[in-house]
Amino acid sequence: MALATLKTRAEFLRLRGGRRWSTPSLVLETRPRPGATGPDDEARFGFTVSKKIGGAVVRNRVRRRLRALVAALGPSDVRPGCDYVVIARPGAVGRTFAELGADLQQALNRVHRPASPRRH
């Protein structure tokens, strides 16, 4: 099955201001997709790897590794009808595949945790 991805800039910008969690190697942002009503609506992912990460070869390697991790996620890890953006941080270059996977899993667990009441 092909990975459902975000394509347009507007889709990426819509996720700004949603749930967000940072790890040493990546930042994960998510929001429910408007109009996604049922459990049949698959989760979509977008990937951002900026020039801060390195040259084209390094950026493409990081992007491929992140895509492989997302493709290996199970249905219990993501919510149907949600969109996700994975933003690579400079720490992603030196981390092993297992460490990247642990960072992604931690971020997914945190963004799906119920929001705690804000303190004033």
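Just above, that's the structure.
Residues numbered from 1 in each chain as written. Predicted model: local features only at pLDDT ≥ 70, side-chain atom pairs only at ≥ 80, totals over all residues. Heavy atoms only, no water.

Draft legend 1. Structural context of the packing of aromatic side chains. Counted by the stated rule, this structure contains one aromatic pair. Aromatic side chains F45 and Y84 sit 4.8 Å apart centroid to centroid with 15 degrees between the ring planes, which places their arrangement in the stacked category. With F45 in strand β3 (residues 44-48) and Y84 in strand β4 (residues 82-88), this pair connects stretches of sequence that are 39 residues apart. By relative accessible area, which is 3% here, F45 ends up buried. Over the face of the ring belonging to W21 we find R110, whose NZ or CZ atom lies 3.9 Å from the ring centre. (Phe/Tyr/Trp six-rings, centres within 6.5 Å; stacked < 30°, edge-to-face > 60°. Helix = DSSP H or I, 4+ residues; strand = E, 2+ residues; numbered from the N terminus. Buried < 20%, exposed > 50% of the residue type's maximum accessible area, 1.4 Å probe, protein only. Lys NZ or Arg CZ within 6 Å of the ring centre and 35° of its normal.)

Draft legend 2. Just the layout of surface pockets, in detail. Of the voids in this model, the second largest pocket is the one considered here, and its volume is about 280 Å³. G18, R19, R20, W21, R110, V111, R113, P114, A115, S116 and R118 together form the lining of the second largest pocket. When residues of the lining of the second largest pocket are traced back to their parent elements, those giving at least two are β1 (19-22) and α3 (97-111). Per-element accounting of the lining of the second largest pocket gives the leading share, three residues, to β1. (1 Å grid on protein atoms, 1.4 Å probe; cavity = no way out; pocket = protein on both sides within 12 Å on 5 of 7 lines; lining within 4 Å. Points joined across faces, edges and corners; volume = space filled by probe spheres on them.)

Draft legend 3. How the structure looks around the sheet that holds β1. The sheet built from four strands is open, its strands ordered β1-β2-β4-β3 with mixed pairing. Each edge of the open sheet carries a strand with a single partner, namely β1 and β3. When the angles between neighbouring strand axes are averaged without regard to direction, this sheet yields 15 degrees. Pairing of strand β2 (residues 26-32) with β4, which is carried by seven bridges, proceeds in the antiparallel orientation. (Pairing = 2+ DSSP bridges. Axes fitted to C-alpha atoms, helices over the stretch in contact; angles between N-to-C directions.)

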